[in-house]
Amino acid sequence: MKKISIIGSTGSIGTQALEVIEKLRDKFEIIALAGGHNKELLEAQAKKFNPRYSVLGEQGLEKICSDKENDIILVACSGKIGLRPTLTAIKNGINIALANKETLVMAGDIVMSEAKKRGVKIIPVDSEHCAIHQCIKDIAQVDKLIITASGGPFLHKSIAEMKNATVKEALAHPKWNMGKKITVDSATLMNKGLEIIEAHHLFGFDYDDIEVVVHPQSIVHSAIEYKDGSVIAQLGLPSMHIPIQYAISYPERFEGIKSKSFSFAEIARLDFEKPDFEKFPSVKLAYKAGRTGGTMTTCLNAANEEAVFAFLDGKIKLYNIYEIVEKMMSEHKVIQNPTIDEIFETDEQIRLLTREHIKTIAQKQP
Ligand code: MG
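Note that residues are indexed from 1 along each chain, following the sequence as it is written. pLDDT decides what is reported in this predicted model: residues at 70 or higher carry local features, side-chain atom pairs at 80 or more are listed and counted, and totals for whole chains, interfaces and linings draw on all residues regardless. Hydrogens are left out, water is left out, and the side-chain values use all remaining heavy atoms of the structure.

So, about unusual backbone geometry. With an omega dihedral of 5°, the bond running from tyrosine 250 to proline 251 counts as a cis peptide bond. Tracing the chain through its elements places proline 251 in the loop between helix H11 (241-249) and helix H12 (264-267). In this structure, leucine 189 takes a positive phi of about 70° despite not being glycine. Topologically, leucine 189 is positioned in the loop between helix H9 (180-188) and helix H10 (190-203). Strands here are runs of E lasting at least two residues and helices are runs of H or I lasting at least four, both read from the DSSP assignment and numbered beginning at the N terminus.

Encoded structure:
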């Protein structure tokens, strides 16, 4: 039995991971569950899955991640609270199934070099990186990574329509059922921007060799192109259960959650198109932040997150998110090769500045 702990068990990925584990009860033993705020759900999960211990909130994450009983820890919480515990787990030689974006966006250089030093595997849960992980056999022979994007609810809407989008429209993702923050990020394509940065760190590819293509059906989860022109893609129905199960079971595969067989005939067609970088400036901003490196990606992430919260609160318009992120990035004094403390300080500082700036925008709104 593989011993596993889940950080963020009450969230979207965490609950789906437990649905996977429910089907694979004989394969996994749960060491610990850590939930965010939902006490009742955590208690219900603990009752059902009988972990050795369960914790609520940030306290206890360090304990879980220092527990060498774990074979793997699924880091499925959202936000920066995932970063320090993940580093602790890596330092303890524990493999990571990674769903938390901030870990790599904020501290990809540190996290990947620590993992390499200790021979720790970081197996991505995110469908795109999970796809690439499945495609790559000989990384030295791969020329480029092709990350697919569903395009979100505004793919074929005009900029004007997008500018006046309501929260409800932004949250109506056509393909994936996810948390609110990531759903807004999918609508602005910032999610894809963050994934480019993650891919750069996970697979060690230059930003010039990471491409984004819009694929509305969300069947091709990403692809790689080998030197000789061969393209290998990973396909599957758009369900997070599949990449979650892959990440926690790796290198084994089980039937587990599979509910139906894949049929090309049923899907019938797969469409692809170039992303519109004018309508979705987030991808450009992310490339810029990634190429600049240092604390710039932390700045991008912090400014975006604060802006998304303000949008969800009805304080700003959807399009303000881009302007806010761009402004924060243009004013940020980058620290190259930052320490973890400097990364967290930058995060705090950018959030304060962003909130101040949001106030001035909110006052101007009709
Ligand atoms: Mg994704």
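Looking now at a negative patch on the surface. Surface patches are defined over residues having more than 30% relative accessible area and no salt bridge, joining like charges when they lie within 9 Å and nonpolar side chains (Val, Leu, Ile, Met, Phe, Trp, Tyr) when within 5 Å. Exposure was quantified through the Shrake-Rupley algorithm and a 1.4 Å probe, taking into account, for residues, occlusion by the shown protein chains and nothing else. We count a salt bridge whenever a side-chain nitrogen from Lys or Arg sits within 4 Å of a carboxyl oxygen from Asp or Glu. The positive count covers Lys and Arg only, the negative count covers Asp and Glu only, and His and the chain ends enter neither. Charge placement uses NZ in Lys and CZ in Arg. For Asp and Glu, CG and CD serve respectively. A cluster of acidic residues, Asp143, Asp206, Asp209 and Asp228, forms a negative patch on the protein surface. Looking at the element boundaries, aspartate 209 is found in the loop between H10 and strand S8 (210-214). What makes aspartate 209 partly exposed here is its relative accessible area of 30%. Three exposure classes are used, based on accessible area relative to the maximum for each residue type with a 1.4 Å probe and protein chains only: buried under 20%, partly exposed in between, and exposed over 50%.

Our next topic: the nonpolar core. The definition of a nonpolar core used throughout is a set of buried Ala, Val, Leu, Ile, Met, Phe, Trp, Tyr and Cys residues joined through side-chain atoms within 4.5 Å. Ranked by internal contacts, the top residues of the largest apolar core, which has 85 residues, are Ile122, Leu145, Leu300, Ile316, Leu318 and Ile321. Just so you know, the domain bounds were taken from an automatic or database domain assignment. When we break this core down by domain, the ones giving at least three residues each are domain 1 (2-125 + 240-260) and domain 2 (153-213 + 277-364). Setting aside anything within four residues of it in sequence, one finds leucine 145 in contact with Ile132, Ile136, Ala199, Phe203, Phe205, Asp209, Ile210, Glu211, Ala223 and Ile224. Core analysis: the second largest hydrophobic core is formed by 26 residues, Ile6, Ala76, Ala97 and Ala247 among them. Contacts: residue pairs with any heavy atoms within 4.5 Å of one another.

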